[in-house]
Amino acid sequence: MRLSFFEPRTMARLGYALLRRFLRRLASSLAPWATARQAEERLRVEIEGHLALQTAENIRSGLAPTEARRQAALKFGGLEPIKEMYRDQRGLPQLESLIQDTRHALRRLRMAPVFTIAIVVTLALGIGATTSIFTLVHAVLLKSLPVVNPAELYRLGKKSHCCYFNGFNQKDEWSIVSYDLYKYLRDNTEGFAELAAFQDSTPILGVRRSGRSDAAQSYPGEFVSGNYFKMFGVGAYKGRMLTPGDDQSNASPVAVMTYRLWQERYGSDPSVIGAIFNLDDKPFTIVGIAPPGFFGDSLRNPAPDFFLPLNTEPYVDVEADLNLPFQHWLELIGRIQPGANPQALEAEMRVNLKQWLLAHWNEMSANDRARFPEQTLYLSPGGAGITTMRELYQRWLQILMIASGLVLLVVCANIANLMMIRGLERRRQTSLSVALGARVTRVVRGNLIESILLSLLGGAAGLAVAFAATGLILKLAFPSLSGHAGVSISASPSMPVLLFAFIASLLTGVAFGVVPAWMAARVDPIEALRGASRSTARAGSLPRKMLVVLQAALSLVLLSASGLLTAALQRIEDQDFGFELDRRLVANINPRLAGYRTDQLHLLYRRIRETIASIPGVSSVGLGLYAPPGGGWASGVWVDGHPAPGPRDDNFSSWNRVTAGYFEVVATPTLRGRGISEQDTAGSRSVAVVNEAFARKFFGSEDPIGKHFGPIPRLSSYFEIVGVVSDARYFTSGLDQPTGPMYFTPEAQADYTRSAGALFLHDIVIAGGPGASVSAASVLQAMASVDPNLPVISIRTLRQQVAGQFTQPRLIARLTSFFGILSLLLASIGLYGVTAYNAGCRTGEIGVRMALGADRGDVIWLVLRGALIQILWAMLIGLPLSFASARFLGSQLYGMNPYNPSVVFAAVLALGASVFIASLVPAFRSSLTSPLDALRTE
Amino acid sequence: MKEIDVRQGTLALMVLKTLDVLGPLHGYGIARRIEQISEDLLAVNQGTLYPVLLKLEQEGSLASEWGVSENNRRARFYRLTRAGRKQLDAEAQSWQQTAEIIARFFAIKAQDLK
């Protein structure tokens with residue numbers, strides 16, 4: 001007997017039985033769910049049958065048929081609770097009823113298309129705005145470089161100090177180094193696995209594939225150390241990346257191309273790898289393509305398209321910085337050894353810096369030596385690369401983030417209001433369900449599911465809005481020349497952005513679904529069924545009013561902020577720049593790209609001026625190292641006869657080199673003496689024309705005409721001042737400060753005391769005669785006749801050039817205005833909704849009042865009064881908030897008074913007018929109700 | 001005597017016993033039988049029987065199939081399965097024991113404990 005238990009057949013039978021039992025269990029627990037409808041039907045038939053039998057029994061015992069049926073039903077008990085219990089028992093009840101509720105909610109939403117669309121569109125705008133701004137915030141402020149393990153990267157410097165420094169002292173911290181110092185730090189600092197150096201700026205290279213006859217095109221490039229790619233852990237997409245072997249003075253010149261350029265310009269042609277490209281007319285072999293998405297060491301516009309070894313810099317550039325120990329132009333990023341302590345590393349590098357400085361003690365100026373003790377450096381996390389853009393836009397992005405967050409709040413308030421009104425309108429239905437035995441939790445859950453569904457729909461739509469908006473913002477904020485890489489920010493939402501939108505929409509849904517759901521469930525069935533529209537006191541109207549007040553107050557804040565930003569921008573754009581904006585064209589050229597030597601330049605400029613001057617309609621033409629507004633050159637000034645400035649004295653001035661007649665072309669008035677003229681030649685004495693700020697700064701009340709100064713201490717009588725011109729704004733930084741000192745020297749007098757780069761003038765300014773219009777095409781044609789190989793990089797009017805300097809502030813002012821108007825619109829809709837709903841509830845009351853002799857004016861006032869009180873509250877709350885936000889904006893207003901009364905007044909007026917109109921409409925409508933109809937509605 | 005509430009477990013036991021004694025039966029039949037036996041002392045809505053029947057069926061103690069009732073309507077007939085019979089025996093036994101223990105407690109008078 002015992003043995004047979006272990007017999008295989010018994011075992012098999014046992015196993016089979018167990019399996020069958022398990023399957024039956026499984027089937028019986030799943031089947032009811034899978035066939036929910038069948039189960040409902042079964043219960044219905046059973047109940048039906050039960051009641052029929054009981055009724056028959058009751059009739060037999062002598063009851064009348066109707067009474068018999070009633071008694072049977074009474075005995076059976078409430079149908080709904082039993083069905084509910086039955087369903088609970090049926091298995092997976094939570095999930096099933098969830099699906100049921102979801103389907104029910106979807107059905108309800110389909111039945112109210114206007115409500116659904118209104119909510120989805122509102123949410124899409126709110127979440128779209130917030131998400132697109134967050135995409136920017138994420139890309140600029142939060143994201144790391146697309147490289148291996150960015151947390152291990154450290155960079156030199158706390159802040160970015162673009163782009164060149166000269167000498168042996170740097171203010172505050174050493175953030176830019178020379179090649180010599182880089183090598184010293186690299187070889188003497190042990191904590192780095194790899195320390196790479198790269199150029200801080202991206203020079204534009206003239207690029208032409210060798211053997212092709214087409215004109216050179218300009219693309220930005222960057223000089224990087226041989227271990228640059230190894231340090232980032234970035235491998236080649238095709239071919240190979242640069243190696244330390246490529247970065248030797250005797251190595252054959254090679255370069256790496258970005259994936260973007262390879263794909264867009266060369267159609268992913270595999271023969272590019274190994275091909276010879278002429279970069280600034282110097283042959284380079286392209287050894288590889290960088291992987292897609294890699295944009296170098298920093299987020300910037302334009303991003304480099306070529307990476308060249310540092311040691312090819314002297315090969316490309318006539319006046320190379322590479323071998324000058326005092327010329328600092330390189331940024332450093334290093335990957336630390338696993339487990340290395342960055343603080344110890346920083347200390348080590350500080351010592352190394354001092355050692356290096358001491359080794360160059362003989363080359364140091366007295367000034368450098370005096371400042372030696374305070375020279376120091378800092379390391380900071382480098383996972384995001386060089387964060388110039390972060391420093392530049394942080395404040396703006398914060399402002400936008402706050403503004404879009406406020407819009408989202410307004411949107412949420414609007415949605416809560418709509419939901420509450422919907423909840424109230426559904427009150428009877430809710431009460432009926434509760435009276436029929438629906439459980440309160442189920443009712444609340446139904447409402448909650450509805451609002452979550454809505455918010456997810458809105459979130460999805462918001463993502464679409466965000467994608468489109470981010471693309472647009474990027475295009476407007478960072479305009480790039482055609483063919484160039486724009487700033488490397490993708491408009492498509494990344495994982496954190498998706499998560500952000502999802503959480504934002506879900507929070508909106510849950511937070512603003514809970515209150516209406518709770519209010520709906522609080523309903524006393526009897527009260528609701530009796531019809532509560534008779535009362536004048538409306539339960540739950542306080543939260544709705546508060547929401548409207550909040551909306552209006554926030555819109556006031558946004559409106560006044562956008563007003564301030566717009567007014568400040570207007571003020572700065574309308575200021576007197578010190579030169580003429582109208583009828584002026586600026587053409588940008590780079591003679592270096594066409595391979596001009598410095599001794600050919602004077603003739604080239606003469607030919608350009610003569611050719612362009614002969615275009616009909618051109619009244620005058622001049623060239624400058626840079627035309628306003630643009631980047632510039634600056635250096636120290638030593639005045640003849642004045643004591644030499646101390647190590648801490650500021651003797652800086654910007655300078656420019658211009659052709660004869662330049663001041664007449666840009667229409668900067670000459671105040672004293674003369675401007676630069678044809679009489680200033682290579683053979684005549686070296687002269688300079690200074691601006692008022694220069695005269696004030698270096699000569700005070702003295703007359704500067706005839707005085708001498710120079711760019712270095714031993715040449716303090718190099719220039720003789722022959723004229724003073726009025727101040728003109730060449731720089732768009734520091735707009736809230738007065739124009740800085742500047743001097744101009746003649747193009748004809750080649751000034752070899754400084755970098756040869758200053759000999760290449762970049763901007764041609766063309767003045768049209770009054771009433772004449774000079775087309776860009778005619779200028780291009782003229783330039784082609786001068787030299788077809790000299791490309792014109794861009795040609796714009798001076799007004800466009802100036803406007804281009806304010807692209808980002810303008811975009812931010814416009815975005816904030818858009819947010820302000822959007823929230824004003826939403827607030828008006830919100831107030832309209834609340835006022836209309838309240839007026840609707842009071843139809844009966846209004847009817848009674850009118851029947852008792854109130855006229856239309858009284859009725860309008862009755863309805864309007866409530867709305868006006870809300871507006872007043874909104875202003876009471878909104879005004880202090882506006883002033884607080886103005887304080888926050890203070891630094892972005894270019895020195896405008898942040899408490900500008902006219903801006904605040906305009907915002908108050910805009911808010912007041914639109915919400916007044918929004919509440920006037922329902923007030924007017926309810927004044928049209930006839931008392932008879934009103935009383936009959938009950 | 002007051003009507004008493006009935007716990008679900010007790011109701012389930014009554015159902016099992018009813019089917020054990022009377023064989024396959026529809027819901028109404030079970031309800032009537034329970035009423036008769038308890039002589040209307042149970043305050044239970046007849047409807048609450050159906051979730052209990054479903055539960056027992058899911059546990060495998062009952063099986064059910066469609067049949068025709070006395071008044072020629074479609075009705076679901078429940079019968080005891082083998083597992084149900086086992087469960088009934090076990091529950092009856094434990095009920096018996098509980099009842100005996102409780103009865104003993106009530107039978108004991110103070111003087112008996114000396």
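Residues numbered from 1 in each chain as written. Chains lettered and ligands numbered in written order. Predicted model: local features only at pLDDT ≥ 70, side-chain atom pairs only at ≥ 80, totals over all residues. Heavy atoms only, no water.

1. Regarding the overall build of chain A
Turning to step 1, where the next piece is worked out: The helix and strand inventory of chain A stands at 29 helices and 25 strands.
Turning to step 2, where the next piece is worked out: Looking at the 938 residues of chain A, the share that counts as buried comes to 49%.
Turning to step 3, where the next piece is worked out: For chain A, restricting intrachain contacts to residue pairs at least 6 apart in sequence, the fraction spanning at least 24 positions comes to 81%.
Turning to step 4, where the next piece is worked out: With the model as given, the accessible surface of chain A reaches about 42900 Å², and the carbon-plus-sulfur share is 61%. (Helix = DSSP H or I, 4+ residues; strand = E, 2+ residues; numbered from the N terminus. Buried < 20%, exposed > 50% of the residue type's maximum accessible area, 1.4 Å probe, protein only. Contact = heavy atoms within 4.5 Å. Areas by Shrake-Rupley, 256 points an atom, 1.4 Å probe, with all protein chains shown as cover.)

2. What to know about the side chain of Gln170(A)
Residues and elements named next belong to chain A.
Turning to step 1, where the next piece is worked out: Here Gln-170 lies in the loop between β2 (165-166) and α8 (179-188).
Turning to step 2, where the next piece is worked out: Judged by its relative accessible area of 4%, Gln-170 is buried.
Turning to step 3, where the next piece is worked out: A polar side-chain atom of Gln-170 sits 2.7 Å from the main-chain carbonyl oxygen of Ile-176.
Turning to step 4, where the next piece is worked out: Apart from the residues within four sequence positions on either side, Gln-170 is in contact with Phe-165, Ser-175, Ile-176, His-328 and Gln-375. (Polar contact = N/O pair within 3.5 Å; in protein donor to acceptor, adjacent residues only side chain to side chain.)

3. Focus: the confidence of the model for chain B
Detail in the predicted coordinates should be disregarded across regions flagged by low pLDDT.
Turning to step 1, where the next piece is worked out: Here chain B averages 82 in pLDDT, while 85% of its residues score no lower than 70.
Turning to step 2, where the next piece is worked out: The low-confidence segment residues 1-5 of chain B, where pLDDT is below 50, has nine contacts with residues more than four positions distant or belonging to other chains. (pLDDT = per-residue confidence, 0-100.)

4. Points about unusual backbone geometry
All names here are of chain A.
Turning to step 1, where the next piece is worked out: Of note in the backbone geometry, Asn-149 takes a positive phi value of approximately 45° without being a glycine.
Turning to step 2, where the next piece is worked out: Tracing the chain through its elements places Asn-149 in the loop between α7 (113-142) and β1 (153-156).
Turning to step 3, where the next piece is worked out: For Asn-149, a relative accessible area of 39% translates into the label partly exposed.
Turning to step 4, where the next piece is worked out: Even without a glycine there, the phi angle at Arg-583 is positive, about 55°.
Turning to step 5, where the next piece is worked out: As for its placement among the helices and strands, Arg-583 is situated in the loop between α19 (541-573) and β14 (584-589).

5. Looking at the pattern of salt bridges
Residue and element names in this part refer to chain A.
Turning to step 1, where the next piece is worked out: Taken as a whole and assessed by the stated rule, the structure comprises 32 salt bridges over all chains.
Turning to step 2, where the next piece is worked out: Where Arg-685 meets Glu-720, a salt bridge forms, and the shortest distance between an N and an O atom there is 2.4 Å. Separated by 35 residues along the polypeptide, Arg-685 in the loop between β19 (670-673) and β20 (687-691) and Glu-720 in strand β22 (residues 719-725) bring together distant segments of the chain.
Turning to step 3, where the next piece is worked out: Here Asp-727 makes a salt bridge to Arg-696, at a shortest N to O gap of 3.6 Å. (Salt bridge = Lys/Arg side-chain N within 4 Å of Asp/Glu carboxyl O.)

6. Some thoughts on the interface of chain A and chain B
Turning to step 1, where the next piece is worked out: Contacts between chain A and chain B engage 24 residues on the former and 26 residues on the latter.
Turning to step 2, where the next piece is worked out: Around 2300 Å² of area is buried between chain A and chain B when both sides are counted, 57% of it from carbon and sulfur atoms.
Turning to step 3, where the next piece is worked out: It is Arg42(A), Leu53(A) and Gln89(A) that lose the most area in chain A upon contact with chain B, and together they represent 27% of the buried surface on that side.
Turning to step 4, where the next piece is worked out: When the shortest N-O distance is used, the salt bridge between Glu57(B) and Arg42(A) registers 2.9 Å.
Turning to step 5, where the next piece is worked out: Our count for the contact surface shared by chain A and chain B stands at nine residue pairs in polar contact (both at pLDDT 80 or more).
Turning to step 6, where the next piece is worked out: Elements with a contribution of two residues or more to the side of chain A that touches chain B: α2 (8-34), α3 (36-60), α4 (65-76) and α5 (79-90) of chain A.
Turning to step 7, where the next piece is worked out: Here the side of chain A that touches chain B is composed, by residue class, of 10 nonpolar, seven polar and seven charged. (Buried area = accessible area lost by both parts, 1.4 Å probe. Nonpolar A, V, L, I, M, F, W, Y, C, P; charged D, E, K, R; others polar.)

7. Description of helix α12 (residues 342-359) of chain A
Residue and element names in this part refer to chain A.
Turning to step 1, where the next piece is worked out: Given a rise of 1.5 Å per residue, 18 residues ought to cover 26 Å, and the 25 Å separating the end C-alpha atoms of α12 matches this to within 8%.
Turning to step 2, where the next piece is worked out: Residues of α12 that are buried: Leu-345, Glu-346, Met-349, Asn-352, Leu-353, Trp-356 and Leu-357. End-on view of α12: buried residues confined to an arc of 135°, all on one side of the axis.
Turning to step 3, where the next piece is worked out: Those residues of α12 that are buried lie in contact with β1, α8, β3 (192-199), β11 (327-328), β12 (330-336) and β13 (379-381).
Turning to step 4, where the next piece is worked out: Its side-chain oxygen placed 3.0 Å from the backbone nitrogen of Gln-343, Asn-341 serves as the N-cap of α12. (Expected span 1.5 Å × (residues − 1). Arc of directions from axis to C-beta.)

8. Here's the deal with the sheet that holds strand β3 (residues 74-80) of chain B
Residues and elements named next belong to chain B.
Turning to step 1, where the next piece is worked out: Read from one edge of the open sheet, three strands run β1-β3-β2, paired in antiparallel fashion. The sheet terminates laterally at β1 (25-26) and β2 (62-68), the two strands that pair on one side only.
Turning to step 2, where the next piece is worked out: Relative to β3, β2 runs antiparallel, the two being bridged by seven bridges. Within the sheet, the bridge partner assigned to Leu-62 lies in β3 and is Leu-80.
Turning to step 3, where the next piece is worked out: Across the face of the sheet, helix α3 (residues 49-59) comes into contact with β2 and β3 while running at roughly 120° to β2. (Pairing = 2+ DSSP bridges. Axes fitted to C-alpha atoms, helices over the stretch in contact; angles between N-to-C directions.)

9. Describing the environment of Gly191(A)
Residue and element names in this part refer to chain A.
Turning to step 1, where the next piece is worked out: As for its placement among the helices and strands, Gly-191 is situated in the loop between α8 and β3.
Turning to step 2, where the next piece is worked out: Gly-191 sits in the buried class, given a relative accessible area of 11%.
Turning to step 3, where the next piece is worked out: Linking Gly-191 and Ala-340, residues 149 residues apart in sequence, is a C-alpha distance of 5.9 Å.
Turning to step 4, where the next piece is worked out: Sequence-distant contacts of Gly-191, defined by excluding residues within four places in its chain, comprise Ile-336, Gln-337, Ala-340, Leu-345 and Glu-348.

10. A look at the nonpolar core
Residue and element names in this part refer to chain A.
Turning to step 1, where the next piece is worked out: The biggest cluster of nonpolar side chains holds 150 residues, and the ones touching the most others in it are Phe-232, Ile-608, Ile-612, Phe-709 and Ile-764.
Turning to step 2, where the next piece is worked out: For this core, the leading source of residues is helix α14 (residues 388-425), giving 15 residues.
Turning to step 3, where the next piece is worked out: In this structure, Ile-608 is in contact with Ile-589, Leu-623, Ile-764, Met-783, Val-786 and Leu-790, ignoring residues within four places of it in sequence.
Turning to step 4, where the next piece is worked out: Among the nonpolar cores identified, the runner-up in size contains 47 residues, and Leu-156, Leu-181, Val-207 and Leu-345 belong to it. (Core = buried A, V, L, I, M, F, W, Y, C linked by side-chain atoms within 4.5 Å.)

11. Structural notes on the side chain of Arg657(A)
Turning to step 1, where the next piece is worked out: By the element assignment, Arg657(A) lies in strand β18 (residues 652-658).
Turning to step 2, where the next piece is worked out: A polar side-chain atom of Arg657(A) sits 2.9 Å from the main-chain carbonyl oxygen of Glu747(A).

12. Focus on the confidence of the model for chain A
Residue and element names in this part refer to chain A.
Turning to step 1, where the next piece is worked out: Scored by pLDDT, chain A comes out at a mean of 82, with 89% of its residues at no less than 70.
Turning to step 2, where the next piece is worked out: Counting interchain partners and residues more than four positions distant, the pLDDT-below-50 stretch residues 1-6 has four contacts.
Turning to step 3, where the next piece is worked out: Confidence drops under pLDDT 50 across residues 532-537; counting only partners more than four residues distant or on other chains, this segment forms six contacts.

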